[in-house]
Amino acid sequence: MKTQSIPLFKPAARLLSAALLLAVAAGCSKSEEVVAPTIANEALTTTILTLTNTANPSDVVTAQWEQLLDNKGQPLPPDVSKANLALKANATYTGQLGVLDKSQTPTFDVGKEIGESRTTYHHFFYQPLPTNQSYVIPAPTGADTYPTPIPTPLPSTTPLNLTVTTTDVDTNSPPLPLGLKTSFKTGAASTGYLRVVLRHQPNTKDGTYAPGSTDLDVGLNVTIQ
C-alpha cells in the first residue's frame, strides 16, 4: 500500500455560516498507523457526492468540497463554491461518494481504495441538518473542528426533509455498513446542510459512529425544491 511524504492532514478549523457549512478533512491519527495493514496517510483533499434521480437517470446532481495543499503540504482555504446540492422534492436518488487525494500525481482515488481494501475499518456517516431526529453524528464541540460550532441544539428552523440510507456493506462477518453508496429520499421543500463524516475504526468497527477517530468531516448546502 502506498504512502506519501506529506504530513498527516489535520487542517485548521473551519467556519459555519448561515450560507454555508464548511468542514475538516483529516488523515489517520498516529496511534492508528500501527494497525495492520499499514494505512497510508492520504490528504483527503476532495469529496464529491453524485446523486442520480431514480425516476430520471438523466437528472444527475453533484456537489464537491475541496481543500488542496500548498507546495509545503499545508492546507489552503477550502473551496466550497461547488458544495451545493439542489434536489427535487419527494424524489429518490441513488448516491455515490468519491474521495480523492489531489496532492498526489496522479490523483489518488482514496474512495476506491477504501471500497476495495479498507472496508472493514472505515464507515461513512451522513447527517442532514437541521434535524428533528436523533444525532447519528455527535455535534462537534468546536475544539478542533469548527470555530463557530454547529449550535446544539441546532437552529429551530424547519428540519431539512432528507433521509439518507447507506446501501453498501463491508467485508466484515456479519457485514457492516460502509457508506460509499447511499439512497437519498427527499420530502417537501426545505433547506439545510448535509454533514458527511468518515470514521476510521481499526479493529473496532461495529456499525455505530462511536469507535475510532474522524478522517473526514465535510458539509454541503442542501436545497430541496
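The name that an unreviewed UniProt entry assigns to the chain is Lipoprotein, with the source organism given as Hymenobacter nivis.

Tell me about the overall build of the chain, and name the residues and values.
When helices and strands are tallied, the chain shows one helix and eleven strands. Of the regular secondary structure in the chain, the N- to C-terminal order runs β-β-β-β-β-β-α-β-β-β-β-β. Among the 225 residues that make up the chain, the fraction classed as buried is 50%. In the chain, the share of contacts with a sequence separation of at least 24, taken over all contacts with a separation of at least 6, comes to 68%. Accessible area of the chain: about 10,400 Å², with a carbon and sulfur share of 55%.

Got a sec to walk through the side chain of Thr 186? Specific residues and values, please.
Here Thr 186 is to be found in strand S9 (residues 181-186). The class of Thr 186 is buried, set by a relative accessible area of 10%. A polar contact of 3.0 Å, which involves the side chain of Thr 186, links it to the backbone nitrogen of Asn 90. Sequence-distant contacts of Thr 186, defined by excluding residues within four places in its chain, comprise Leu 87, Lys 88, Ala 89, Asn 90, Ala 91, Tyr 93, Asn 161, Leu 162 and Ile 224.

Could you give me a rundown of the confidence of the model for the chain, with the residues and numbers involved?
In this model, the chain carries a mean pLDDT of 80, and residues with pLDDT of at least 70 account for 74%. Below pLDDT 50 for its whole length, residues 1-39 participates in 128 contacts with residues either more than four positions away or in separate chains.

Run through the pairing of strand S11 (residues 213-224), naming residues and quoting values.
Of all twelve residues in S11, ten are buried, a share of seventy percent or more. As defined by bridge partners, strand S4 (residues 84-87) adjoins S11 across four bridges and the pair is classed as parallel. Counted as the bridge partner of Leu 87 is Ile 224 from S11.

Go over the nonpolar core with me, naming the residues and quoting the values.
One finds Leu 85, Leu 87, Phe 124, Phe 184 and Leu 194 to be the most contacted residues of the largest nonpolar core, which totals 33 residues. Ranked by residue count, the leading element in this core is S11, at five residues. Among residues more than four places away in sequence, those in contact with Leu 87 are Leu 51, Val 61, Tyr 93, Leu 162, Thr 186, Val 222, Thr 223, Ile 224 and Gln 225.

Provide a residue-level description of helix H1 (residues 110-117), including the pertinent values.
Residue pairs spaced three or four apart in an α-helix point in one direction, given the helix's 3.6 residues per turn. For H1, the set of buried residues is Val 110, Gly 111, Glu 113 and Ile 114. One face of H1 carries all of its buried residues, which in axial projection span an arc of 160°. Buried residues in H1 make contact with strand S5 (92-101), strand S6 (108-109), strand S7 (122-129) and strand S10 (190-200). Between a side-chain oxygen at the N-terminus of H1 and the backbone nitrogen of Gly 111 the separation is 3.3 Å; the capping residue is Asp 109.

Give a detailed account of the pairing of S9, specifying residues and quantitative values.
For S5 and S9, the ladder comprises five bridges, and the chain directions are antiparallel. Paired with Gln 96 across the strands is Lys 181, a residue of S9. Note: strand S8 (residues 162-166) against S9, five bridges, orientation antiparallel. Bridge assignment links Thr 166 to a residue of S9, and that residue is Thr 182.

Procedures and definitions
Residues numbered from 1 in each chain as written. Predicted model: local features only at pLDDT ≥ 70, side-chain atom pairs only at ≥ 80, totals over all residues. Heavy atoms only, no water. Helix = DSSP H or I, 4+ residues; strand = E, 2+ residues; numbered from the N terminus. Buried < 20%, exposed > 50% of the residue type's maximum accessible area, 1.4 Å probe, protein only. Contact = heavy atoms within 4.5 Å. Areas by Shrake-Rupley, 256 points an atom, 1.4 Å probe, with all protein chains shown as cover. Polar contact = N/O pair within 3.5 Å; in protein donor to acceptor, adjacent residues only side chain to side chain. pLDDT = per-residue confidence, 0-100. Pairing = 2+ DSSP bridges. Core = buried A, V, L, I, M, F, W, Y, C linked by side-chain atoms within 4.5 Å. Arc of directions from axis to C-beta.

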